[in-house]
Amino acid sequence: MNAAGVDTLLQAATAALHTRRWADATRAFDAILALDDRHVQGWLGRGVVALEQKHYATALQAMERALQLSPGEGMVHANLAGALRALGRMEEALSHALQACAGLPDDPMVQLNRWLLEHDLVGVDAAAEGYATLARRWPQLAVMHYHLGHARLVQGRLGEAEASLHQCLRLDARNTDAYHALVALHLRRGEPAQALALIEAHRRRVAYDGYDLALRCIALRNLGRTEEAAAIDDTRGWLQVHMLHQAPPGWPGVPAYNEAILRHVQAHPELGAHRGQATHNGRRIENLLENATGPIPALAWWILDRLRGYLDWMRSRPHPLGRLIDGALELRGWAVLMHEGGHETPHIHPGGLLSAVYYPAVPEVVQRSEGDAGRLCFGQPDPMFALDTPLAPFGIAPQPGMLVIFPSWQWHHTVPFSSAQPRLSLAFDLFPRATAPG
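Please read all numbers here as calculations on a predicted model, not as lab measurements.

Caption draft 1: Seen up close, the sheet that holds strand 2 (residues 279–285). Taken in spatial order, the six strands line up as 1-7-4-9-3-2 in an open sheet, and their pairing is antiparallel. Strand pairing shows two members of the sheet lacking a second neighbour, strand 1 (240–243) and strand 2, which therefore form its edges. The average undirected angle you get between the axes of adjacent strands in this sheet is 25 degrees. Where strand 2 meets strand 3 (residues 329–344), six bridges bridge the pair, whose relative direction is antiparallel. Across the sheet, residue glycine 282 finds its bridge partner in strand 3, namely methionine 338. Contacts between helix 17 (residues 296–315) and the sheet are confined to strand 1, strand 3, strand 4 (354–361), strand 7 (402–407) and strand 9 (423–432), with strand 4 contributing the most and set at about 140 degrees to the helix.

Shown next as C-alpha coordinates:
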(Lines give C-alpha, C1' and ligand atoms only; values in the text may rest on other atoms or scores of the structure.)
Protein backbone atom coordinates (compact mmCIF):
# COMPACT_ATOMS: atom_id res chain seq x y z
CA MET A 1 0.00 0.00 0.00
CA ASN A 2 1.31 3.50 -0.83
CA ALA A 3 1.67 6.46 1.54
CA ALA A 4 -1.82 7.68 0.67
CA GLY A 5 -3.24 4.34 1.75
CA VAL A 6 -1.39 4.50 5.07
CA ASP A 7 -2.73 8.03 5.58
CA THR A 8 -6.26 6.75 4.99
CA LEU A 9 -5.75 4.04 7.60
CA LEU A 10 -4.34 6.61 10.02
CA GLN A 11 -7.40 8.82 9.58
CA ALA A 12 -9.68 5.85 10.27
CA ALA A 13 -7.61 4.83 13.31
CA THR A 14 -7.64 8.35 14.72
CA ALA A 15 -11.40 8.68 14.24
CA ALA A 16 -11.98 5.37 16.01
CA LEU A 17 -9.68 6.43 18.85
CA HIS A 18 -11.51 9.72 19.35
CA THR A 19 -14.90 7.96 19.44
CA ARG A 20 -13.58 5.27 21.84
CA ARG A 21 -14.13 2.41 19.41
CA TRP A 22 -11.13 0.54 20.75
CA ALA A 23 -11.40 -2.62 18.62
CA ASP A 24 -11.67 -0.59 15.39
CA ALA A 25 -8.76 1.64 16.43
CA THR A 26 -6.60 -1.38 17.30
CA ARG A 27 -7.28 -3.05 13.95
CA ALA A 28 -6.47 0.12 12.03
CA PHE A 29 -3.23 0.85 13.90
CA ASP A 30 -2.18 -2.80 13.56
CA ALA A 31 -2.84 -2.58 9.81
CA ILE A 32 -0.59 0.48 9.60
CA LEU A 33 2.22 -1.28 11.47
CA ALA A 34 1.87 -4.40 9.31
CA LEU A 35 2.63 -2.19 6.31
CA ASP A 36 5.28 -0.05 7.96
CA ASP A 37 6.72 -1.17 11.29
CA ARG A 38 8.65 2.12 11.58
CA HIS A 39 5.53 4.28 11.53
CA VAL A 40 5.83 6.46 14.65
CA GLN A 41 2.19 7.54 14.77
CA GLY A 42 1.13 3.93 14.31
CA TRP A 43 3.11 2.81 17.38
CA LEU A 44 2.03 5.83 19.38
CA GLY A 45 -1.63 5.32 18.53
CA ARG A 46 -1.41 1.63 19.33
CA GLY A 47 0.04 2.55 22.71
CA VAL A 48 -2.65 5.12 23.44
CA VAL A 49 -5.42 2.62 22.66
CA ALA A 50 -3.80 0.04 24.94
CA LEU A 51 -3.42 2.63 27.70
CA GLU A 52 -7.07 3.63 27.45
CA GLN A 53 -8.00 -0.04 27.83
CA LYS A 54 -5.62 -0.42 30.80
CA HIS A 55 -3.39 -2.85 28.93
CA TYR A 56 -0.35 -1.26 30.50
CA ALA A 57 2.35 -3.70 29.41
CA THR A 58 1.24 -3.43 25.78
CA ALA A 59 0.97 0.35 26.02
CA LEU A 60 4.47 0.75 27.40
CA GLN A 61 6.00 -1.54 24.77
CA ALA A 62 4.34 0.36 21.92
CA MET A 63 5.28 3.79 23.25
CA GLU A 64 8.88 2.79 23.86
CA ARG A 65 9.05 1.64 20.24
CA ALA A 66 7.70 5.03 19.13
CA LEU A 67 10.35 6.77 21.26
CA GLN A 68 13.08 4.59 19.76
CA LEU A 69 11.99 5.66 16.29
CA SER A 70 11.52 9.34 17.14
CA PRO A 71 13.42 10.32 20.32
CA GLY A 72 12.76 14.03 19.89
CA GLU A 73 8.99 13.85 19.35
CA GLY A 74 7.25 15.79 22.14
CA MET A 75 3.94 13.93 21.88
CA VAL A 76 5.72 10.59 22.21
CA HIS A 77 7.35 11.81 25.43
CA ALA A 78 3.99 13.10 26.67
CA ASN A 79 2.18 9.81 26.13
CA LEU A 80 5.06 7.74 27.46
CA ALA A 81 4.93 9.87 30.61
CA GLY A 82 1.23 9.05 30.93
CA ALA A 83 1.89 5.32 30.63
CA LEU A 84 4.70 5.42 33.17
CA ARG A 85 2.51 7.43 35.57
CA ALA A 86 -0.24 4.81 35.29
CA LEU A 87 2.36 2.19 36.19
CA GLY A 88 3.55 4.15 39.23
CA ARG A 89 7.00 4.90 37.75
CA MET A 90 6.78 8.57 38.69
CA GLU A 91 10.37 9.77 38.39
CA GLU A 92 10.74 8.28 34.90
CA ALA A 93 7.37 9.75 33.98
CA LEU A 94 8.39 13.24 35.14
CA SER A 95 11.58 13.09 33.09
CA HIS A 96 9.58 12.41 29.93
CA ALA A 97 6.92 14.99 30.90
CA LEU A 98 9.58 17.69 31.18
CA GLN A 99 10.93 16.77 27.75
CA ALA A 100 7.39 16.95 26.37
CA CYS A 101 6.89 20.39 27.93
CA ALA A 102 10.08 21.66 26.31
CA GLY A 103 8.97 20.37 22.91
CA LEU A 104 5.32 21.40 23.20
CA PRO A 105 5.29 24.61 25.27
CA ASP A 106 1.87 25.72 23.99
CA ASP A 107 0.01 22.46 24.59
CA PRO A 108 -2.08 22.96 27.77
CA MET A 109 -2.61 19.26 28.54
CA VAL A 110 1.09 18.49 28.19
CA GLN A 111 1.83 21.29 30.65
CA LEU A 112 -0.89 20.06 33.03
CA ASN A 113 0.45 16.51 33.04
CA ARG A 114 3.83 17.84 34.17
CA TRP A 115 2.23 19.41 37.27
CA LEU A 116 0.16 16.33 38.02
CA LEU A 117 3.44 14.45 38.27
CA GLU A 118 4.96 17.19 40.42
CA HIS A 119 1.90 16.78 42.66
CA ASP A 120 2.61 13.04 42.98
CA LEU A 121 6.33 13.43 43.60
CA VAL A 122 6.78 16.74 45.41
CA GLY A 123 3.41 17.48 46.97
CA VAL A 124 0.39 19.70 46.73
CA ASP A 125 2.06 23.02 47.57
CA ALA A 126 4.41 22.98 44.59
CA ALA A 127 1.72 21.67 42.27
CA ALA A 128 -0.87 24.24 43.37
CA GLU A 129 1.30 27.11 42.16
CA GLY A 130 1.77 25.31 38.86
CA TYR A 131 -1.99 24.84 38.51
CA ALA A 132 -2.51 28.53 39.29
CA THR A 133 -0.12 29.49 36.50
CA LEU A 134 -1.96 27.22 34.07
CA ALA A 135 -5.37 28.61 35.09
CA ARG A 136 -4.13 32.14 34.38
CA ARG A 137 -2.64 31.14 31.04
CA TRP A 138 -5.63 29.06 29.88
CA PRO A 139 -8.59 30.55 31.79
CA GLN A 140 -11.08 29.03 29.34
CA LEU A 141 -10.13 25.43 30.23
CA ALA A 142 -12.29 24.03 33.03
CA VAL A 143 -9.82 21.30 33.92
CA MET A 144 -7.21 23.85 35.01
CA HIS A 145 -9.62 25.42 37.49
CA TYR A 146 -10.61 22.00 38.79
CA HIS A 147 -7.05 20.99 39.64
CA LEU A 148 -6.35 24.36 41.22
CA GLY A 149 -9.57 24.12 43.25
CA HIS A 150 -8.82 20.58 44.39
CA ALA A 151 -5.30 21.56 45.42
CA ARG A 152 -6.57 24.55 47.41
CA LEU A 153 -9.12 22.26 49.07
CA VAL A 154 -6.35 19.88 50.16
CA GLN A 155 -4.37 22.87 51.43
CA GLY A 156 -7.37 24.05 53.45
CA ARG A 157 -7.66 27.33 51.53
CA LEU A 158 -11.40 26.86 51.19
CA GLY A 159 -12.41 30.27 49.84
CA GLU A 160 -9.96 30.02 46.95
CA ALA A 161 -10.97 26.40 46.39
CA GLU A 162 -14.64 27.34 46.15
CA ALA A 163 -13.97 30.12 43.63
CA SER A 164 -11.91 27.81 41.39
CA LEU A 165 -14.39 24.93 41.56
CA HIS A 166 -17.33 27.20 40.71
CA GLN A 167 -15.36 28.61 37.78
CA CYS A 168 -14.71 25.05 36.57
CA LEU A 169 -18.42 24.23 36.73
CA ARG A 170 -19.36 27.46 34.95
CA LEU A 171 -17.12 26.37 32.08
CA ASP A 172 -18.11 22.71 32.23
CA ALA A 173 -21.26 21.90 34.20
CA ARG A 174 -20.64 18.16 33.67
CA ASN A 175 -17.27 18.06 35.44
CA THR A 176 -18.09 15.41 38.04
CA ASP A 177 -14.73 15.73 39.80
CA ALA A 178 -15.36 19.40 40.52
CA TYR A 179 -18.81 18.60 41.85
CA HIS A 180 -17.37 15.97 44.21
CA ALA A 181 -14.74 18.41 45.43
CA LEU A 182 -17.36 21.10 46.04
CA VAL A 183 -19.46 18.64 48.07
CA ALA A 184 -16.34 17.81 50.09
CA LEU A 185 -15.75 21.52 50.68
CA HIS A 186 -19.25 22.05 52.10
CA LEU A 187 -18.93 18.97 54.30
CA ARG A 188 -15.59 20.21 55.63
CA ARG A 189 -17.12 23.62 56.37
CA GLY A 190 -19.91 22.00 58.35
CA GLU A 191 -22.53 22.83 55.69
CA PRO A 192 -24.31 19.51 55.11
CA ALA A 193 -27.50 21.18 53.84
CA GLN A 194 -25.57 22.90 51.03
CA ALA A 195 -23.78 19.62 50.28
CA LEU A 196 -27.09 17.76 50.09
CA ALA A 197 -28.56 20.37 47.74
CA LEU A 198 -25.60 19.93 45.39
CA ILE A 199 -25.96 16.14 45.51
CA GLU A 200 -29.68 16.24 44.73
CA ALA A 201 -29.12 18.63 41.82
CA HIS A 202 -26.45 16.35 40.41
CA ARG A 203 -28.69 13.28 40.74
CA ARG A 204 -31.25 14.99 38.50
CA ARG A 205 -28.62 15.63 35.80
CA VAL A 206 -26.89 12.26 35.47
CA ALA A 207 -28.16 8.75 34.80
CA TYR A 208 -26.18 7.23 37.66
CA ASP A 209 -23.18 8.11 39.81
CA GLY A 210 -22.55 5.99 42.89
CA TYR A 211 -20.97 8.97 44.61
CA ASP A 212 -24.41 10.56 44.73
CA LEU A 213 -25.60 7.80 47.05
CA ALA A 214 -22.38 7.59 49.07
CA LEU A 215 -22.15 11.36 49.61
CA ARG A 216 -25.89 11.70 50.21
CA CYS A 217 -25.56 9.32 53.16
CA ILE A 218 -22.73 11.40 54.64
CA ALA A 219 -24.73 14.63 54.28
CA LEU A 220 -27.85 13.01 55.77
CA ARG A 221 -25.90 11.69 58.75
CA ASN A 222 -24.28 15.07 59.34
CA LEU A 223 -27.80 16.56 59.32
CA GLY A 224 -28.92 14.04 61.94
CA ARG A 225 -31.13 12.13 59.47
CA THR A 226 -29.52 8.80 60.28
CA GLU A 227 -32.53 6.59 59.52
CA GLU A 228 -32.72 7.87 55.95
CA ALA A 229 -29.00 7.22 55.51
CA ALA A 230 -29.18 3.76 57.07
CA ALA A 231 -31.77 2.67 54.51
CA ILE A 232 -29.08 3.16 51.86
CA ASP A 233 -25.73 2.46 53.52
CA ASP A 234 -26.40 -0.02 56.33
CA THR A 235 -23.63 -2.54 55.65
CA ARG A 236 -25.06 -5.35 57.71
CA GLY A 237 -28.41 -5.01 55.98
CA TRP A 238 -27.03 -5.08 52.43
CA LEU A 239 -24.07 -7.46 52.79
CA GLN A 240 -24.12 -11.08 51.57
CA VAL A 241 -21.40 -13.71 52.10
CA HIS A 242 -21.18 -16.98 50.14
CA MET A 243 -18.68 -19.85 50.14
CA LEU A 244 -17.57 -21.89 47.15
CA HIS A 245 -18.13 -25.45 48.39
CA GLN A 246 -17.60 -27.32 45.12
CA ALA A 247 -14.96 -26.70 42.48
CA PRO A 248 -16.00 -26.45 38.81
CA PRO A 249 -15.50 -29.52 36.61
CA GLY A 250 -11.84 -30.18 35.93
CA TRP A 251 -10.50 -29.43 39.40
CA PRO A 252 -10.42 -32.04 42.20
CA GLY A 253 -11.54 -29.62 44.91
CA VAL A 254 -11.82 -25.98 46.00
CA PRO A 255 -8.22 -25.75 47.34
CA ALA A 256 -6.81 -26.97 44.01
CA TYR A 257 -9.10 -24.58 42.13
CA ASN A 258 -8.01 -21.64 44.27
CA GLU A 259 -4.36 -22.57 43.73
CA ALA A 260 -4.99 -22.61 39.97
CA ILE A 261 -6.47 -19.10 40.18
CA LEU A 262 -3.43 -17.87 42.14
CA ARG A 263 -1.01 -19.35 39.57
CA HIS A 264 -3.08 -17.84 36.72
CA VAL A 265 -2.88 -14.36 38.25
CA GLN A 266 0.81 -14.60 39.12
CA ALA A 267 1.64 -15.56 35.52
CA HIS A 268 -0.66 -13.01 33.87
CA PRO A 269 1.24 -10.66 31.52
CA GLU A 270 -0.75 -7.62 32.69
CA LEU A 271 -0.06 -8.09 36.42
CA GLY A 272 1.68 -4.93 37.58
CA ALA A 273 1.83 -2.08 40.06
CA HIS A 274 -0.62 0.51 38.78
CA ARG A 275 -1.12 4.05 40.00
CA GLY A 276 -4.43 5.86 40.45
CA GLN A 277 -6.14 3.10 42.40
CA ALA A 278 -6.83 2.59 46.09
CA THR A 279 -4.28 -0.26 46.19
CA HIS A 280 -1.01 0.17 48.08
CA ASN A 281 1.82 -2.38 48.18
CA GLY A 282 0.01 -4.57 45.71
CA ARG A 283 -0.16 -5.47 42.04
CA ARG A 284 -3.23 -5.51 39.83
CA ILE A 285 -4.70 -6.96 36.65
CA GLU A 286 -7.23 -4.44 35.36
CA ASN A 287 -9.06 -6.48 32.70
CA LEU A 288 -9.39 -9.90 34.29
CA LEU A 289 -12.40 -10.98 32.21
CA GLU A 290 -11.10 -9.82 28.84
CA ASN A 291 -10.25 -12.93 26.79
CA ALA A 292 -10.30 -14.84 30.07
CA THR A 293 -8.85 -18.35 30.13
CA GLY A 294 -8.02 -21.10 32.61
CA PRO A 295 -9.97 -21.03 35.88
CA ILE A 296 -11.43 -17.52 35.47
CA PRO A 297 -14.50 -18.08 33.21
CA ALA A 298 -16.02 -20.73 35.50
CA LEU A 299 -15.56 -18.45 38.51
CA ALA A 300 -17.13 -15.51 36.67
CA TRP A 301 -20.23 -17.59 35.85
CA TRP A 302 -20.54 -18.74 39.48
CA ILE A 303 -20.26 -15.14 40.72
CA LEU A 304 -22.70 -13.85 38.09
CA ASP A 305 -25.24 -16.40 39.27
CA ARG A 306 -24.85 -15.14 42.86
CA LEU A 307 -25.21 -11.54 41.67
CA ARG A 308 -28.44 -12.41 39.87
CA GLY A 309 -29.74 -13.91 43.08
CA TYR A 310 -28.76 -10.74 44.92
CA LEU A 311 -30.69 -8.65 42.36
CA ASP A 312 -33.78 -10.82 42.90
CA TRP A 313 -33.40 -10.20 46.63
CA MET A 314 -33.03 -6.43 46.04
CA ARG A 315 -36.26 -6.34 44.04
CA SER A 316 -38.16 -7.48 47.12
CA ARG A 317 -36.88 -4.52 49.17
CA PRO A 318 -37.20 -0.73 48.89
CA HIS A 319 -34.20 0.29 46.84
CA PRO A 320 -32.76 3.66 45.76
CA LEU A 321 -31.79 2.55 42.24
CA GLY A 322 -35.17 1.41 40.97
CA ARG A 323 -35.16 0.99 37.19
CA LEU A 324 -31.39 0.43 36.93
CA ILE A 325 -31.69 -2.99 38.58
CA ASP A 326 -33.84 -4.23 35.70
CA GLY A 327 -31.83 -2.69 32.87
CA ALA A 328 -29.04 -4.17 30.77
CA LEU A 329 -26.05 -5.02 32.96
CA GLU A 330 -22.37 -5.73 32.34
CA LEU A 331 -19.79 -7.51 34.51
CA ARG A 332 -16.22 -6.21 34.80
CA GLY A 333 -13.46 -7.81 36.86
CA TRP A 334 -9.92 -7.19 38.12
CA ALA A 335 -7.43 -8.85 40.45
CA VAL A 336 -5.45 -7.47 43.40
CA LEU A 337 -2.42 -9.42 44.64
CA MET A 338 -0.96 -8.13 47.91
CA HIS A 339 1.99 -9.08 50.05
CA GLU A 340 3.59 -7.59 53.16
CA GLY A 341 1.86 -4.36 54.21
CA GLY A 342 -0.64 -4.44 51.35
CA HIS A 343 -3.92 -2.58 51.78
CA GLU A 344 -6.56 -0.49 50.08
CA THR A 345 -7.64 2.96 51.22
CA PRO A 346 -11.35 3.89 51.66
CA HIS A 347 -13.14 4.06 48.33
CA ILE A 348 -16.30 3.15 46.45
CA HIS A 349 -16.89 1.87 42.91
CA PRO A 350 -18.92 4.78 41.54
CA GLY A 351 -19.93 3.24 38.21
CA GLY A 352 -21.20 -0.04 39.63
CA LEU A 353 -24.50 -1.21 41.06
CA LEU A 354 -23.13 -4.26 42.85
CA SER A 355 -19.61 -5.28 43.80
CA ALA A 356 -18.32 -8.73 44.63
CA VAL A 357 -14.96 -9.89 45.99
CA TYR A 358 -13.73 -13.49 45.83
CA TYR A 359 -10.71 -14.67 47.85
CA PRO A 360 -8.64 -17.54 46.37
CA ALA A 361 -5.62 -16.97 48.67
CA VAL A 362 -5.55 -15.51 52.19
CA PRO A 363 -2.49 -15.52 54.51
CA GLU A 364 -2.88 -17.78 57.52
CA VAL A 365 -2.19 -14.86 59.85
CA VAL A 366 -5.23 -13.06 58.40
CA GLN A 367 -7.47 -16.12 58.67
CA ARG A 368 -6.50 -16.76 62.29
CA SER A 369 -6.12 -13.20 63.56
CA GLU A 370 -8.58 -11.83 66.08
CA GLY A 371 -7.54 -8.31 65.08
CA ASP A 372 -8.23 -6.34 61.91
CA ALA A 373 -5.11 -7.21 59.90
CA GLY A 374 -6.03 -8.05 56.31
CA ARG A 375 -9.75 -7.55 56.87
CA LEU A 376 -12.27 -6.09 54.43
CA CYS A 377 -13.85 -3.20 56.37
CA PHE A 378 -16.90 -1.04 55.69
CA GLY A 379 -18.26 2.36 56.72
CA GLN A 380 -15.18 4.62 56.78
CA PRO A 381 -15.33 7.25 54.00
CA ASP A 382 -12.44 8.80 52.12
CA PRO A 383 -11.03 11.43 54.56
CA MET A 384 -11.87 14.14 52.03
CA PHE A 385 -15.57 13.66 52.83
CA ALA A 386 -16.01 14.61 56.46
CA LEU A 387 -18.40 12.41 58.47
CA ASP A 388 -19.14 14.19 61.76
CA THR A 389 -19.71 11.00 63.80
CA PRO A 390 -17.74 7.96 62.61
CA LEU A 391 -19.73 4.78 62.14
CA ALA A 392 -19.00 1.75 64.28
CA PRO A 393 -16.33 -0.30 62.45
CA PHE A 394 -17.45 -3.45 60.71
CA GLY A 395 -15.05 -5.88 59.08
CA ILE A 396 -14.91 -9.36 57.60
CA ALA A 397 -11.93 -11.70 57.89
CA PRO A 398 -11.46 -13.18 54.40
CA GLN A 399 -11.26 -16.95 53.99
CA PRO A 400 -10.21 -18.93 50.90
CA GLY A 401 -13.30 -19.60 48.80
CA MET A 402 -15.28 -16.70 50.29
CA LEU A 403 -17.38 -14.36 48.14
CA VAL A 404 -18.57 -11.04 49.58
CA ILE A 405 -21.32 -9.05 47.77
CA PHE A 406 -22.28 -5.46 48.59
CA PRO A 407 -23.67 -2.35 46.86
CA SER A 408 -20.93 -0.55 44.95
CA TRP A 409 -21.61 2.80 46.64
CA GLN A 410 -20.65 1.50 50.10
CA TRP A 411 -17.33 2.76 51.43
CA HIS A 412 -14.83 -0.03 52.02
CA HIS A 413 -11.12 -0.50 52.64
CA THR A 414 -8.69 -3.16 53.77
CA VAL A 415 -6.25 -3.22 56.68
CA PRO A 416 -2.49 -3.74 56.23
CA PHE A 417 -1.18 -7.16 57.24
CA SER A 418 2.22 -8.70 57.91
CA SER A 419 2.93 -11.95 56.08
CA ALA A 420 5.06 -13.29 53.24
CA GLN A 421 2.03 -15.26 52.02
CA PRO A 422 -0.08 -13.65 49.27
CA ARG A 423 -3.51 -12.14 49.77
CA LEU A 424 -5.35 -12.44 46.45
CA SER A 425 -8.76 -10.92 45.82
CA LEU A 426 -10.71 -10.97 42.57
CA ALA A 427 -13.11 -8.05 42.40
CA PHE A 428 -16.13 -7.68 40.15
CA ASP A 429 -18.54 -4.83 39.43
CA LEU A 430 -21.98 -5.16 37.86
CA PHE A 431 -22.60 -2.02 35.80
CA PRO A 432 -25.64 -0.53 34.16
CA ARG A 433 -24.52 -1.11 30.57
CA ALA A 434 -25.03 2.53 29.57
CA THR A 435 -22.61 3.72 32.27
CA ALA A 436 -19.99 0.94 32.17
CA PRO A 437 -16.52 2.37 31.63
CA GLY A 438 -15.16 2.44 28.10
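Don't stop here, the text continues.
Caption draft 2: Broad picture of the environment of arginine 225. You can see arginine 225 is positioned in the loop between helix 13 (210–222) and helix 14 (226–233). Beyond its immediate sequence surroundings of up to four residues, arginine 225 is in contact with Leu196 and Leu220.

Caption draft 3: Quick peek at the sheet that holds strand 8 (residues 412–414). Read across the sheet, three strands follow the order 6-5-8 without closing on themselves; strand pairing throughout is antiparallel. Because the sheet does not close on itself, it has two edges, and the strands there are strand 6 (394–396) and strand 8. In this sheet, neighbouring strand axes are inclined to one another by 30 degrees on average, regardless of whether the strands run parallel or antiparallel. Of the strand pairs in this sheet, strand 5 (residues 376–378) and strand 8 are connected by three bridges, and their pairing is antiparallel. Bridged to cysteine 377 within strand 8 is histidine 413.

Caption draft 4: Molecular detail of unusual backbone geometry. Phi at arginine 20 takes a positive value of approximately 60 degrees, unusual for a residue other than glycine. With respect to the helices and strands, arginine 20 occurs in the loop between helix 1 (3–18) and helix 2 (22–35). Within the chain, lysine 54 stands out as a residue other than glycine whose phi angle is a positive 65 degrees. Counting through the fold element by element, lysine 54 comes out in the loop between helix 3 (40–52) and helix 4 (56–69).

About the criteria used
Residues numbered from 1 in each chain as written. Predicted model: local features only at pLDDT ≥ 70, side-chain atom pairs only at ≥ 80, totals over all residues. Heavy atoms only, no water. Pairing = 2+ DSSP bridges. Helix = DSSP H or I, 4+ residues; strand = E, 2+ residues; numbered from the N terminus. Axes fitted to C-alpha atoms, helices over the stretch in contact; angles between N-to-C directions. Contact = heavy atoms within 4.5 Å.

Geometry only, nothing functional implied.
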